[in-house]
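Here's the letter readout for the chains.
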Amino acid sequence: MRTPLVVGNWKMHLSRDEAGALAGEIRNKLDISPDQVGVAVCPPFPYLSAVHAVLAGGPVALGAQDGHWAPQGAYTGWVSMQMLVDVGCRYVIIGHSERRQFAQETDTDIGKKVKAGLGQGLAVILCVGETGPERDGGITYDVVMRQLSGALEGLSGAECDNLIIAYEPVWAIGTGKTATPAMAQEVHSFIRSWMEKRWGFGAAQKLIILYGGSVKPDNMRTLAAMHDIDGALVGGASLGAQGFLEIVRQADAGKR
Ligand code: PGA
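Numbering of residues starts from 1 in every chain and runs along the sequence as written. Under the rules for a predicted model, residues below a pLDDT of 70 receive no local features and side-chain atom pairs below 80 are neither given nor counted, while totals for whole chains, interfaces and linings still include all residues. The side-chain quantities take in all heavy atoms of the structure and omit both hydrogens and water.

### Describing the pattern of salt bridges
Consideration 1: Salt bridge, as used here, is a side-chain nitrogen of Lys or Arg placed within 4 Å of a carboxyl oxygen of Asp or Glu. Following the criterion strictly, the structure yields 16 salt bridges and no others.
Consideration 2: Asp-66 serves as the salt-bridge partner of Lys-113, at 2.9 Å between the closest nitrogen and oxygen. With Lys-113 in helix H5 (residues 107–119) and Asp-66 in the loop between strand E3 (60–64) and helix H3 (81–86), this residue pair connects regions lying 47 residues apart in the sequence.
Consideration 3: Here Lys-113 falls in the buried class, since its relative accessible area comes to 2%.
Consideration 4: Partly exposed describes any residue whose relative accessible area lies between the buried limit of under 20% and the exposed limit of over 50%, with all areas from a 1.4 Å probe on protein chains only and scaled to the type maximum. Using a relative accessible area of 5% as the deciding quantity, one classes Asp-66 as buried.
Consideration 5: Here Arg-192 makes a salt bridge to Asp-228, at a shortest N to O gap of 2.5 Å. With Arg-192 in helix H8 (residues 181–199) and Asp-228 in the loop between helix H10 (217–224) and strand E8 (231–234), the pair connects residues that are 36 residues apart, well separated along the chain.
Consideration 6: The class for Arg-192 is buried, based on a relative accessible area of 3%.
Consideration 7: In this structure, a network of salt bridges that share partners links the residues Arg-2, Arg-192, Asp-228 and Asp-230. Each helix is a run of H or I in the DSSP string that is no shorter than four residues. Each strand is a run of E no shorter than two, and both are numbered from the N terminus.

Structure (structure tokens):
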């Protein structure tokens, strides 16, 4: 009932030529239809237009890694949601743990960005997840709940039609340590029940919840086999076309 989604987060990697070549190879070799698995890539800002030109008219969507809440203004170094729409983005990642950590983004900032992105018609991928010490301290659910309520404050279920959640345990990002499928499923199911209490059964059942944190071709299938895991937000393993495409196939296989 929910179409799985696999999103590549290229972070601050690749040259312009490499980004174009990677996008082209993914587009040309993708052998899973968008009704089976949705696919998107999120290049660094300077390459969005170039990658859009490569992807235009094909099944792979374009996304950005962040966006500011203001429509325009004196915000040196920032980029607005309108600008992202203008260069062809359909998705925007908001509240990634690297932004929370290195750009000191708060739940309030993230909430403003989520609203601005949804307001512009972008599909917003809101990232939540606990650090290692938070998991060890037994407060994973408190952290995730705080991040969700902070970011979604004041939004109705209808306004969140285009919302996607990515559960990314911080201790699993770029470390090679993946949450086990059962561990991830527990948190995904918690997120879906939290949404159900807030917005009702229908909205919660439609919500796409991605897993992120050291996703690779060899762990995607068992993760995707979990009831509440609807695909992945992939960092390191999205930087090679072959591996990324295999992750897309495994996301499909896990749902069969
Ligand atoms: P990773 O990154 O796949 O390299 O762990 C995931 C992410 O940060 O979205």
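### Overview of the site of the ligand
Consideration 1: Contacts to the ligand come from 13 residues, most closely from Lys-11, His-96, Glu-168, Gly-174 and Ser-214.
Consideration 2: As used in this structure description, the phrase polar contact means that two N or O atoms lie within 3.5 Å; if the pair is within protein, one of them must be able to donate a hydrogen and the other to accept it, and residues adjacent in sequence are counted only when both atoms belong to side chains. Gly-235 places a polar main-chain atom, nitrogen or oxygen, 2.9 Å from an oxygen atom of the ligand.
Consideration 3: Here, Shrake-Rupley sampling with a 1.4 Å probe gives the accessible areas, and only protein chains in the shown set may cover a residue. Across the complex, the protein chains shield 95% of the 280 Å² of accessible surface that the ligand would expose by itself.
Consideration 4: Residue composition of the shell around the ligand, grouped by class: four nonpolar, seven polar and two charged. Put simply, a residue is near a molecule or strand once any heavy atom of it comes within 4 Å of that molecule or strand. We call Asp, Glu, Lys and Arg charged. Ala, Val, Leu, Ile, Met, Phe, Trp, Tyr, Cys and Pro are nonpolar, and the rest, Gly among them, are polar.

### Considering the packing of helix H1 (residues 16–29) against helix H11 (residues 241–254)
Consideration 1: Geometry is summarised by axes, namely lines fitted to C-alpha atoms with helices restricted to the contacting stretch, and by angles between N-to-C directions that run from 0 to 180 degrees. Orientation of H1 relative to H11, taken along the N-to-C sense of each, is 40 degrees, at an axis distance of 9 Å. Viewed along their axes, H1 and H11 adopt a mutual orientation that is oblique. In this structure, the crossing between H1 and H11 has a hand that is right-handed. Residue-level contacts link Leu-22, Glu-25, Ile-26 and Lys-29 of H1 to Ala-241, Phe-244, Leu-245 and Arg-249 of H11.
Consideration 2: Considering only residue class, the contact of H1 with H11 consists of five nonpolar, no polar and three charged. With respect to orientation, any angle under 35 degrees is reported as roughly parallel, any angle over 145 as roughly antiparallel, any angle of 65 to 115 as roughly perpendicular, and every other angle as oblique. Less than a right angle of anticlockwise turn of the near helix away from the far helix marks a crossing as left-handed, whereas a clockwise turn marks it as right-handed. It only takes one pair of heavy atoms within 4.5 Å for two residues to be counted as in contact.

### Some remarks on the pairing of E3
Consideration 1: Taking burial as the measure, the five residues of E3 include five buried ones, the bulk of the element.
Consideration 2: Burial of E3 is two-sided: the residues Val-60, Leu-62 and Ala-64 facing one way and the residues Ala-61 and Gly-63 facing the other way are all buried.
Consideration 3: Bridging between strand E2 (residues 38–42) and E3 involves three bridges; their strand directions are parallel. Each bridged residue has a counterpart across the sheet, and for Val-39 the counterpart in E3 is Val-60.
Consideration 4: The handedness of a crossover follows from its direction of travel: if, with the strands pointing away from the viewer, the path from the first strand over the helix to the second runs clockwise, the crossover is right-handed. Crossover E2 to E3 through helix H2 (residues 48–55) is right-handed.
Consideration 5: As paired strands, E3 and strand E4 (residues 91–94) are joined by two bridges and run parallel to one another. Looking at the pairing, Gly-63 lines up with Tyr-91 of E4.
Consideration 6: With respect to chirality, the unit in which E3 leads through H3 into the neighbouring parallel E4 is right-handed. Two strands pair if DSSP finds at least two bridges between them.

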